[in-house]
Amino acid sequence: MNMITFFLVGLLVHVVFFISIFDIYFTSPLVHGMTPQHVPLPPPAKRLVLFVADGLRADSLFKPDINGTSRAPYIRSIIKERGTWGVSHTRVPTESRPGHVALIAGFYEDVSAVAKGWKENPVEFDSVFNESRHTWCWGSPDILPMFAKGATGDHVYTYTYPAAMEDFASTDASKLDTWVFDEVKAFMNSSRGNQTLLSKLHEEKNVFFLHLLGLDTNGHAHRPMSKEYLDNIGLVDEGVAEMVSVFEEFYGHDGKTAYVFTADHGMTNWGSHGASHPSETLTPLVAWGAGLQTAQRASTAQNYDDNYLKDWGLETYRRVDVNQADIAPLMSSLIGVPIPLNSVGVLPLQYLNNSQHFKAESMFANAIQILEQFKVKMTQKKETTLSFLFTPYQVLTDSKQMEFVRHTRELIQKGQFQDAIHHCETLIAQAMEGLSYYHTYDRFFLGSSVVLGFIGWTSYVVLVILKTHASLRKPPTSRDMMSGRGLQRGFICVGLVVSLFLLLQASPFLYYIYCLLPVLVWYSVFKEFGILVSLIRSIPSLPLSKCFGYFLLVMFGIELLVVSFFYRAMLTLGLITLGLWPFVSGLYRKAKSRSVSWVLSCLCLAVFPLLPVVGRESNVNYVLCAGALTLFISFCYFCSSCGRAGLHMRDRRLFIGQMLQVLLCVYVLASTHSSLQMKQGLPLFNQLVSWATLVSSFFVPLLSSTRLFHRLLSILLSLICVYLVLSTGYEALFPPVLSWLMFVWINMEQEAVDTQSVSSRAELYSIDFAENIDLTRIRQLRLDDIRRSYFFVFFIIIAFFGTGNIASINSFDPASVYCFLTVFNPFIMGGLLMWKVLIPFIIVMCAFESVQVSTRLSSRSLFLIVLVISDLMALHFFFLVKDYGSWLDIGTSISHYVIVMSMTIFLMLLSVMTHILTSKRILIGQKMKMHFK
């Protein structure tokens, strides 16, 4: 197998490994075919009004001001006099779409659906809106359409403002909420002259949904502690009070309207959401009106983990907490519609003010609705599993289900409602466990297949390295060919058996790939068995102590990298350790000044992992310092280049122009920040400069000299210009410091190679990327190249986690892209964020390529070692996913696995392109050499 084929096959294998994690852990929880469950008693309310204050934190609403006055006096009066209140606990990811799905549909959306962005309806699901008679919605164009498209028939009506109104640079984002309140009033007034609409409005089972985005927008733009955010809470409170008056007056105070006020997610102090901080997961819930319990005094001391009650001044009022998905069955029960079919919420009975009979019937419908999901899930799994292999969930067999249902119905008929409610709660708990059991039924089987394939692939790569660079390849004998044919037949039989097994189970197509891939990979491993035999025979001649030492260091290094994904401070420890390299290796005696520079750059970079995750504090002064540092580093290398290798006038002008561009970008960032602070919007000039800088960064470096340091300096300046206009604080200093370390690394690696009496500095400055490669100058792998590969992987992780960019990608701060746009656009904003994350990665990649060229090593050789290291890290994360119990920890490990796999796939793509280009340059070099001969 030639190297191009090898890399392409490896790319395909890693794509399979990447996709597998979603099939194992992120499959959709939705099932279809259930029967809607109705409560046979009349509901307490004819209509429901749902207020969702997007991005409202529980403490921001409930906690009084410093002077003791409430920011939301109307809602606080509801808590004290007319309604029931509590905290709604959300789940990760705390984003708008999954939050609204949990509220209105009652289930926690499959993560893969969230990854599809803001599509209107990537998966079909039932909702309270779909089950209602009619639903009218007002609010954001990003949220409302997905519930209208998901509804059967044409009974969900949406009214949205233009997307351009979602402007983070707006003078007052609370106008989004004012628009909703004004539109509702206008709608209710206009209905009086429309008899058809008026009759619809007076029907039962109607829902009115008011989505209030102003708080989320103000929180992102100004932070939740800002005057704008807190004033917006007061505006929402006044608007809710006005809306209640409007509805009560319209319906003649008939007492048949239920009101629910809540939020989809909260927000951190630095204006982000998406993660698991309590400020993001604790949202308010206040419910009052028809069928809802009035304010109750707490009879005993209330103890909650958050310890907020005293700060809120509400310790004497009964607090009833719920999971966010529980709100959907609550709303369904109030207006008498079936609970959404895929809901996993449990009806919070303490919110209801109704008879025990009604509560028992409602809980019974809730239990049967979840049991229906369990039955469908069990049937599906039973149909796709061989009967002798199927292991049912023993707690809820068919007979036990029937007994539960029969006994509960008897209790209700006998009037033993409290016992019936208890039985329903038990049934719900068991059905939920059964749902989880069948949802994860194939997880161990698929995980084992992927792990087997992973280990086989890593083993094969190690064998390729040994075969290519250890001279262990021996000419095949006739006996080897006979055993090879037998091995081929054996693995073909194994593949057929696996395929037949999957066929009988009616397994999905991807299951065939996951299960047959290990067969192919291990066949390739056993095919190279002779290399292992040769290696074992050559062990006496190897420097065993040195090999064992490298092995221990690499294993320790990989473990350090894995731990650093969870604790960024470990990267600081790693950088301090790396700083000792010149002294341990003896390079300090050979290059003292460079060794000192290496230590200083490592220590400077080691500070960044100890700092808070980027985005928490905005400070333009850091960006100004980053611009000055970039200019200083560039000027030093510019002067050094002019003195040693010479620069053409065209190159000098280009570098001077790029330095001036750095100054311009710093000015644009400072100017934009100042303009937004004064609420004057994004200046057009700044926006044009920002986009021009981004576009020019892709081709301006191509105009520079092809000499090694000249090209690197041009790339660095172009990338840092873009990074500066995407920065909000200290992270702007990260690329210049990282670049300093990368330049020193290139010089140090050149010192570490035997230069055969050639001046390393002169050789480095004379290297030209445009020169054709002489194959005779390319050397074979050495043990020291394992260290180089590990350094590269370590620097890649530093590039990703040095400022916490990847760790906080869900907690994206829109302020980073304000130089480009301020109107909410998740795709453009997400793309700019990803480019910002990739810029340090590209800096490391360029340095690594320079190391390969300067040390005269084939690019594919180091990439093979890098591939082994990254695969071992990914395999480590795959095992960590199994060890963790909570969804949050599983999600964290999976996200880290996805990051490592994405990095590996990207590196393999790059290696394919690099190998093709290198092969062409070698071929041209050989032809030219033959020509001169």
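Residues numbered from 1 in each chain as written. Predicted model: local features only at pLDDT ≥ 70, side-chain atom pairs only at ≥ 80, totals over all residues. Heavy atoms only, no water.

## Some thoughts on the overall build of the protein chain
Regarding its fold elements, the protein chain presents 36 helices and eight strands. Expressed as a percentage of the 933 residues in the protein chain, the buried residues total 56%. By element, 62% of the accessible surface of the protein chain is carried by carbon and sulfur atoms, the whole surface being about 39000 Å². (Helix = DSSP H or I, 4+ residues; strand = E, 2+ residues; numbered from the N terminus. Buried < 20%, exposed > 50% of the residue type's maximum accessible area, 1.4 Å probe, protein only. Areas by Shrake-Rupley, 256 points an atom, 1.4 Å probe, with all protein chains shown as cover.)

## Looking at unusual backbone geometry
Among all residues save glycine, negative phi is the norm, and among peptide bonds the norm is trans. With phi around 50°, His253 is a residue other than glycine that occupies positive phi space. With respect to the helices, strands and loops of the structure, His253 is situated in the loop between helix 11 (227–250) and strand 6 (257–262). By relative accessible area, which is 60% here, His253 ends up exposed. One non-glycine residue with positive phi stands out, namely Ala506, at about 50°. Assignment of secondary structure puts Ala506 in the loop between helix 19 (478–504) and helix 20 (509–527).

## Quick notes on the pattern of salt bridges
Applying the stated rule across the entire model yields 18 salt bridges. Connected via shared salt-bridge partners are Glu749, Asp785, Arg787 and Arg788. (Salt bridge = Lys/Arg side-chain N within 4 Å of Asp/Glu carboxyl O.)

## With respect to the sheet that holds strand 8 (residues 322–323)
Strand order in this open sheet of eight strands is 4-3-5-1-6-7-2-8, and the pairing throughout is mixed. A single partner strand is all that each edge strand has here, and the edge strands are strand 4 (156–160) and strand 8. Relative to strand 5 (residues 206–212), strand 3 (residues 134–139) runs parallel, the two sharing five bridges. Opposite Thr135, over in strand 5, you have Val207 as the bridge partner. (Pairing = 2+ DSSP bridges.)

## Quick notes on the confidence of the model for the protein chain
The predicted model of the protein chain averages 84 in pLDDT, with 85% of residues at 70 or higher. In the predicted structure, residues 114–122 sits below a pLDDT of 50 and forms 21 contacts with residues beyond four places in sequence or in another chain. Throughout residues 807–811 the model reports pLDDT below 50, and contacts reaching past four residues in sequence, or to other chains, amount to 13 contacts. (pLDDT = per-residue confidence, 0-100. Contact = heavy atoms within 4.5 Å.)

## So, the packing of helix 16 (residues 398–413) against helix 17 (residues 417–439)
Remark: helix 16 packs on helix 17, axes separated minimally by 8 Å, with the N-to-C direction vectors making an angle of 155°. Considering their axes alone, helix 16 and helix 17 lie roughly antiparallel with respect to each other. Note that helix 16 runs across helix 17; the crossing there is left-handed. Between helix 16 and helix 17, the residues in contact are Phe404, His407, Thr408, Leu411 and Ile412 and Phe417, Asp419, Ala420, His423, Cys424, Thr426, Leu427 and Gln430, respectively. Of the residues belonging to the contact of helix 16 with helix 17, the class tally is seven nonpolar, five polar and one charged. (Axes fitted to C-alpha atoms, helices over the stretch in contact; angles between N-to-C directions. Parallel < 35°, antiparallel > 145°, perpendicular 65-115°, else oblique. Left-handed = near helix turned anticlockwise from the far one by under 90°. Nonpolar A, V, L, I, M, F, W, Y, C, P; charged D, E, K, R; others polar.)

## As for helix 10 (residues 214–222)
Across the nine residues that make up helix 10, a large majority, eight, are buried. All buried positions along helix 10 are accounted for by Gly214, Leu215, Asp216, Thr217, Asn218, Gly219, His220 and Ala221. Buried positions along helix 10 lie against strand 1 (47–53), helix 8 (175–191), strand 5 and helix 11. In the stretch just after helix 10, Arg223 is the one whose phi turns positive, near 80°.

## Re the packing of aromatic side chains
The final tally for this structure, using the stated rule, is 50 aromatic pairs. Ring centres of Trp138 and Phe187 lie 5.3 Å apart, and the angle between their planes is 70°; this geometry places the pair in the edge-to-face category. One end of the pair, Trp138, is in strand 3; the other, Phe187, is in helix 8, and 49 residues separate them in sequence. Between the aromatic rings of Tyr437 and Tyr441, the centroid separation amounts to 5.8 Å while the plane-to-plane angle is 80°, which identifies the pairing as edge-to-face. Cluster of aromatic residues (ring-pair linked, three or more members): Trp581, Trp598, Trp745, Tyr790, Phe791, Phe792, Phe794, Phe795 and Phe848. For the cation-ring pair, Arg47 lies above Tyr251, with the distance from its terminal atom to the ring centre recorded as 3.6 Å. (Phe/Tyr/Trp six-rings, centres within 6.5 Å; stacked < 30°, edge-to-face > 60°. Lys NZ or Arg CZ within 6 Å of the ring centre and 35° of its normal.)

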